[in-house]
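# Observations on the model geometry
Here is what each chain is made of, one letter per residue.
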Amino acid sequence: QVQLVESGGGLVQAGGSLRLSCAASGIIFTINVMGWYRQAPGKQRELVATITSGGSTNYADSVKGRFTISRDNAKNTVYLQMNSLKPEDTARYYCHAQRRTTYGLYDYWGQGTQVTVSS
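The structure presented is a predicted model; accordingly, all values stated were derived computationally and were not measured. Per chain, residues are indexed from 1 in the order of the written sequence. Selection of residues for local features in this predicted model requires a pLDDT of at least 70, selection of side-chain atom pairs for listing and counting requires 80 or more, and totals for whole chains, interfaces and linings are taken over all residues. Note that the side-chain values use all heavy atoms of the structure and ignore hydrogens as well as water.

### Concerning the pairing of strand β11 (residues 113-118)
When accessible area is computed with a 1.4 Å probe and restricted to protein chains, residues below 20% of their type maximum are described as buried, those above 50% as exposed, and intermediate ones as partly exposed. Elements are defined by DSSP. Helices are runs of H or I of four residues or more, strands are runs of E of two residues or more, and each kind is numbered from the N terminus. Burial along β11 is one-sided: the residues Thr 113, Val 115 and Val 117 are buried and none of Gln 114, Thr 116 and Ser 118 is. What makes two strands pair is DSSP finding at least two bridges between them. Sheet topology note: the strand β2 (residues 10-13)/β11 ladder contains four bridges and is parallel. When the bridges of β11 are listed, Leu 11 appears paired with Thr 116. Bridge analysis of strand β9 (residues 91-101) against β11 gives three bridges, and the strand direction is antiparallel. When the sheet's bridge partners are listed, Ala 91 is paired in β11 with Val 115.

The following block contains the structure:
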């Protein structure tokens, strides 16, 4: 099992910045990718950014150039630096981790943290 705990959400004005953190614990040595997803009211959950165990990153087009995902392996923590925030970034942000084992892939989710961007 993997436990994910997010922190860092809040209320910010448009153009501002926030940094989200996701601390992983449990069976973490088999995690091959971690990432952030978000879900706004009435919308489907969507990918924001991912980072592999090798450090490769992937971003949604809507956040490229504004958001940066990074990881601190020593702390088992993934970060999402969000700059130039827009009202449309308002959503609940969820941390995700995927384990790769000989039996298959396993997905884990955090409880989410709310990000609200005021205009």
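### Description of the state of the cysteines
Any covalent bond linking the sulfur atoms of two cysteines counts as a disulfide. The rule for a disulfide is simple: a pair of cysteine sulfur atoms within 2.5 Å. Using the criterion set out here, one finds one disulfide in the structure. Paired through a disulfide, Cys 22 and Cys 95 show a sulfur-sulfur distance of 2.0 Å. The chirality of the disulfide connecting Cys 22 with Cys 95 is left-handed, given an S-S dihedral of about -85°. Taken together, the residues span a long stretch of sequence, with Cys 22 in strand β3 (residues 18-26) and Cys 95 in strand β9 at a distance of 73 residues. Judged on exposure class, the residue Cys 22 and its partner Cys 95 are both buried.

### Here's the deal with the pattern of salt bridges
One side-chain nitrogen of Lys or Arg within 4 Å of one carboxyl oxygen of Asp or Glu is enough to make a salt bridge. Inspection of the entire model under this criterion finds four salt bridges. As a salt-bridge pair, Arg 38 and Asp 89 come within 2.9 Å of each other at their nearest N and O atoms. Within this pair, whereas Arg 38 is found in strand β4 (residues 31-39), its partner Asp 89 is found in the loop between β8 (77-82) and β9, the two being separated by 51 residues in sequence. When sorted by exposure, Arg 38 lands in the same class as Asp 89, which is buried. A salt bridge links Asp 89 to Arg 66, with the nearest nitrogen and oxygen atoms 2.8 Å apart. Within this pair, whereas Asp 89 is found in the loop between β8 and β9, its partner Arg 66 is found in the loop between β6 (57-59) and β7 (67-72), the two being separated by 23 residues in sequence. Residue Asp 89 is classed as buried on the basis of its relative accessible area of 1%. A relative accessible area of 11% means that Arg 66 is categorised as buried.

### Re the nonpolar core
It is characteristic of soluble globular proteins that their nonpolar side chains tend to be buried jointly. Only buried residues count toward a nonpolar core. Its members are Ala, Val, Leu, Ile, Met, Phe, Trp, Tyr and Cys residues joined through side-chain atoms within 4.5 Å. Grouped together as the largest cluster of nonpolar side chains are 30 residues, with contacts concentrated most on Leu 4, Met 34, Trp 36, Leu 80, Met 82 and Tyr 93. Mapped by element, the contributors of at least two residues to this core are β1 (2-7), β3, β4, β5 (46-52), β7, β8, β9 and β11.

### A few points about the packing of aromatic side chains
For this analysis, a ring pair means two rings from Phe, Tyr or Trp (six-membered ring only for Trp) whose centres lie within 6.5 Å, classed as stacked if their planes differ by under 30 degrees, edge-to-face if by over 60, and tilted for the remaining angles. Under the defined criterion, the tally for this structure stands at one aromatic pair. We call a charge positioned above a ring when the Lys NZ or Arg CZ atom is no farther than 6 Å from the ring centre and deviates by at most 35 degrees from the ring normal. Against the face of Tyr 94 rests Arg 45, its NZ or CZ located 3.8 Å from the ring centre.

Keep in mind these values describe shape, not function.
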